[in-house]
Amino acid sequence: MRILQFGRTGQVATAVQAAAPGRAEIVALSRADCDLEISEAVRAAILAADCDLVLNTAAFTHVDPAEARPEEAFSVNAAAPGAMAAACAERDLPFVHLSTDAVFDGLTDRPYVESDEARPLNVYGRSKLAGEQAVLAHSKAVVLRISWVFSRYGRNYVSFMLRLAREREVLKVVADQFGTPTDGEALADFLVAAAPRWTAASAGDPIFGLFHFANAGETSRFDFAKAAIDRDPLTRARLEPTTQAAFAEPAPRPPRSPLDTGKLQAVFGFTPEPWRPAVERTADRLVAGFPA
Ligand SMILES: NC(=O)c1ccc[n+]([C@@H]2O[C@H](COP(=O)([O-])OP(=O)(O)OC[C@H]3O[C@@H](n4cnc5c(N)ncnc54)[C@H](OP(=O)(O)O)[C@@H]3O)[C@@H](O)[C@H]2O)c1
């Protein structure tokens, strides 16, 4: 199983590379290998590759800067994945792409299912939604929407909060934003495990299409941070709840965007772990690597 992976240094990219040994060979392209702002380079990389599946883990993920740089966001998050899907269609290769809960407006009273209407509130969400639509034109495409990704790798909320909690006396955390954390290492394991199924399947198989992938349960940003920080015996900070409005970030966020994973469970037989033990395990591993 050879996987051509766009993205080498990002959080999910690194988790996939860690999950692969003995199961799949990953050929991971960094920005220097292939800049996603150049659609022709993306197409050329796929047409030249000796691979069984293409996976896109790269994206313009800077939610606030995207407000001021919409062209770059749309180029990387919509045009590039569209070019990847088209090149995969040319070669009859399966293509797996990652999207986000930020395609929703967050005005919901229940977890979102795949068929719910997407109404993004910010440029990042709009660019990711345009990417989904372009990708799903390929009959062997898979789009996994994920949310609040954490892992031992890269920049992520859990590692960031653990570090801040060692540096500060008081840590203000948003308590009025709700969602489902996603264990990036469980995601990586799922992607590597499912790759042979996607490679063997024909167009029209239910394992292609749009899916939600997240841990089980729902929480607030505050309780998500607290679950991690409570694991660190050397934490200094006292956590104080605050509101999204108090942070006054340039990009509005959906207030409530939990993802329902029922379709994923039915089609792949995958049972997501509750979010709390997954966060605690990751926090323990990160803390073990911190200076004493
Ligand atoms: N993290 C989350 O909480 C979250 C939530 C929902 C969905 N997602 C989705 O999950 C996927 C993976 O996210 P992640 O957390 O792994 O992101 P990440 O850690 O921010 O990594 C993004 C990667 O994309 C690369 N990239 C950005 N612009 C590029 C360009 N023009 N050309 C080539 N590479 C480029 C970056 O390269 P450089 O290192 O060179 O900048 C980086 O390696 C993305 O599709 C994201 O939208 C993430």
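In this text, all values refer to a predicted model and were calculated from it rather than measured experimentally.

## Here's the deal with the packing of aromatic side chains
Consideration 1: In total, this model carries 11 aromatic pairs according to the counting rule given.
Consideration 2: On the numbers, 4.9 Å between centres and 25 degrees between planes, the contact of Y157 with F224 is stacked. Here the residue Y157 occupies a position in helix α6 (residues 157-167), and F224 occupies one in helix α8 (residues 221-229), the gap between them amounting to 67 residues. Exposure class is identical for Y157 and F224. Each is buried.
Consideration 3: Between F190 and F270 the ring centres are 5.3 Å apart and the planes differ by 65 degrees, which places this aromatic pair in the edge-to-face class. Within this pair, whereas F190 is found in helix α7 (residues 184-200), its partner F270 is found in the loop between α10 (262-268) and α11 (275-288), the two being separated by 80 residues in sequence.
Consideration 4: The exposure class of F190 is buried, given its relative accessible area of 6%.
Consideration 5: In this structure an aromatic cluster arises from ring pairing among F190, W198, F211, F213, F268 and F270.
Consideration 6: Note that R221 overlies the ring of Y157, its terminal NZ or CZ placed 4.7 Å from the centroid.
Consideration 7: Between the NZ or CZ atom of K263 and the centre of the ring of F211, over which it lies, the distance is 4.3 Å.

Criteria and thresholds
Residues numbered from 1 in each chain as written. Predicted model: local features only at pLDDT ≥ 70, side-chain atom pairs only at ≥ 80, totals over all residues. Heavy atoms only, no water. Phe/Tyr/Trp six-rings, centres within 6.5 Å; stacked < 30°, edge-to-face > 60°. Helix = DSSP H or I, 4+ residues; strand = E, 2+ residues; numbered from the N terminus. Buried < 20%, exposed > 50% of the residue type's maximum accessible area, 1.4 Å probe, protein only. Lys NZ or Arg CZ within 6 Å of the ring centre and 35° of its normal.

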